Amino acid sequence: AYDSKNSISANNPTKKLLLSPDSFINLDHGDPTIFQPYWRKMGERCTMEISGSDLMSYFSDVGNFCWFLEPQLRDAIKRLHRTVGNAVTEDRYVLVGTGSTQLFQAALYAVSSPGGSDRTSVVCAAPYYSSYKEETDFLQSGLYKWAGDAYAFDKEGPYIEIVTSPNNPDGSIREAVVNREEGKLIHDLAYYWPQYTPITRPADYDIMLFTFSKSTGHAGSRIGWAIVKDEVVARKMAKFIELSSIGVSKESQLRAAKILGVVIEGCQHFGTADIENFFEYGQRLMSERWEKLKAVVKNSQIFGLPKYPIEWCSFTGKYIESHPAFAWLKCKEDTDIETILRANKMQTRGGERFGVGREYVRISLLSPEEMFNLFLERLSAIEEKGITYE
Ligand code: PMP
C-alpha cells in the first residue's frame, strides 16, 4: 500500500512531493508526515551517532520488570507527561513496545480471562479505529475475540472495552460506555496531545497507551509506550513483548528519548529559547488546516463535519477547539462517499471499516502540505460540480 512516488525521497533535495494535478493521493493512512518541516528546522539537534560496538546486548535495565526499556526513554516519557500534563505517571509502571500496536495486543493478552469456556469479548464504541477488529481476530486467539460496537454489547460475563480518546476516526472525547464490573478497560490515548485537542486534565486510567507516531510524528521509529497501574498486568504485558520480539529496538528507543528531550526543552523554554515549542507549532498547523477545510465544507450541500466543543487547555492556558488528525466527513444517507472520492483520485477509508455506514469517510489531515492542498482543491471541485460516479 505504500506508494513510493508519494514519499519524500532522500534523492529529492527540494523535499517536494512533486505531485501533478492528476496524481492519485493517498489519505487513507494517518501517516504523520505533516510534522517533517518542524523536525527539518531542528537541524542537528536530534542527530545521534551510534557506533558498531554500541547497543549490542538484549538487555537495557535488568533490575526492572520491563528489562528491555532504556532508562533514558522511561525518564523522557515521564518528564514529557509531567510537562504536558496529559497523564499521571507517578507510581505507575511504564512499558515500551514496537509501536502502541504491539502494546495493544500485549494488553489484550494481559487482561483477558483464561480458563473460561468462552473467549473474552473485545468491544469499542462505533465508530472505532478499524485496526482493533483486525488485530484482535488476526490470530484467532483462544483468549479473546472481537465483539464489535460497545453500544450494542449485551452479553453477560467478562469483557474488554477499548476507549479511544480523542477518538480515531471522529476526534470525539470519550469515556467507557458498557460500565459493568466484569469489564477491563484499555485507554488508547494516541491523540491526547495539545496539537489535536485541549488538555483538560492528566489522564489516570488502568492501562493507557501512547505512541511516538502521533505525539511527535515519528511513526517510522515504531515506538509506543503504556502506563499501567497494576503490577500483575504490567508484568504480563512485558512477558508478551518478551515472547513476541524479545524487547524493542534500542536504536529506536534512544532516538525517541533524544527527540522527546528536545520537545520537553522547547516546552520549558517557550518564548525564550531558539527552539519553537513543538506543540504550539503543531496546534497552529492543525488549526490552519481545519480552518481551510471548514471553509470548503461550509455552505456545502453535500458534505458535513462533526462539531467540536471549545475547552480550556491547561497546557496552552487558552480556550481552544479540537483539531483532530482526521476529518470524519459525512454525506447524505446511503451515499458511498469513499467511491466518490476515489473517482476523484483520493484514497480514503470508508465508514464500514469503522463499524458505521458508507455515508462516512475518514480522511487523514496529517499529509504533507502539498498533498493537503491538492485534497482541498479536489474536494471543492466535487462540491462545485456535484456528486458524480464517473
Ligand atoms: N491507536 C490509534 C488510535 C491509532 O490511530 C494508531 C495509529 N494509526 C495506533 C494506535 C497505532 O500506533 P503505532 O504507530 O504506535 O503502532
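An account of the accompanying structure is given in this report. (Residues numbered from 1 in each chain as written. Predicted model: local features only at pLDDT ≥ 70, side-chain atom pairs only at ≥ 80, totals over all residues. Heavy atoms only, no water.)

1. Looking at the state of the cysteines
This is how it is decided: Disulfides are defined as pairs of cysteine sulfur atoms found within 2.5 Å of each other.
Per the stated rule, a full pass over the model turns up 0 disulfides. Among the cysteines around Cys313, which has no disulfide bond, Cys267 carries the closest sulfur, lying 11 Å off.

2. Brief notes about the site of the ligand
To keep it simple, the criterion reads: Consider each residue's heavy atoms; a residue with any of them within 4 Å of a molecule or strand counts as near. Polar contact is defined as a pair of N or O atoms within 3.5 Å, subject to the rule that within protein one atom must be able to donate a hydrogen and the other to accept it, and that residues adjacent in sequence are counted only when both atoms are side-chain atoms. Using a 1.4 Å probe, accessible areas were evaluated by the Shrake-Rupley method; residue-level cover was limited to the displayed protein chains. Only DSSP runs of H or I covering at least 4 residues are called helices, and only runs of E covering at least 2 are called strands; the numbering of each starts at the N terminus. Throughout, the ten residues Ala, Val, Leu, Ile, Met, Phe, Trp, Tyr, Cys and Pro are labelled nonpolar, Asp, Glu, Lys and Arg are labelled charged, and all others, Gly among them, are labelled polar.
The local shell around the ligand holds 14 residues, among which Ser100, Thr101, Asp188, Tyr191 and Thr211 are the closest. One of the side-chain N or O atoms of Asp188 is found 2.6 Å from a nitrogen atom in the ligand. Between the ligand and Ser213, the relevant distance is 2.7 Å, taken from an oxygen atom to a side-chain nitrogen or oxygen of the residue. Its free accessible area being 410 Å², the ligand has 91% of it covered by the protein chains. Broken down by secondary-structure element, the contributors of at least two residues to the shell around the ligand are helix H3 (99-111) and helix H5 (212-215). Here the shell around the ligand takes 3 residues from H3, the largest share from any one element. Of the residues in the shell around the ligand, the class split is 4 nonpolar, 7 polar and 3 charged.

3. Focus: empty space enclosed by the protein
Let me state the cut-off plainly: Any residue with an atom within 4 Å of a point lines the site, the site being either a cavity, points on a 1 Å grid over the protein atoms alone where a 1.4 Å probe fits but cannot get out, or a pocket, an open set with protein on both sides within 12 Å along at least 5 of 7 lines. Grid points are joined across faces, edges and corners, and a volume is the space filled by probe spheres set on the points.
A complete count under the given rule lists 2 cavities of 30 Å³ or more for this structure. Of the volumes computed, that of the largest cavity is approximately 60 Å³. Lining the largest cavity we find Pro166, Asn167, Asn168, Pro169, Gly171, Tyr191, Tyr196, Thr197, Ser322, Pro324, Ala325 and Phe326. For the lining of the largest cavity, the per-class residue count stands at 7 nonpolar, 5 polar and no charged. Taken as a whole, the second largest cavity encloses approximately 30 Å³ of empty space. Surrounding the second largest cavity, Cys124, Ala125, Glu161, Ile162, Val163, Arg174, Glu175 and Val177 form its lining. Looking at the lining of the second largest cavity, the element that brings in the most residues is strand E5 (residues 159-164), giving 3 residues. Here the lining of the second largest cavity is composed, by residue class, of 5 nonpolar, no polar and 3 charged.

So, to be careful, I would describe these as geometric facts and stop short of saying anything about function.
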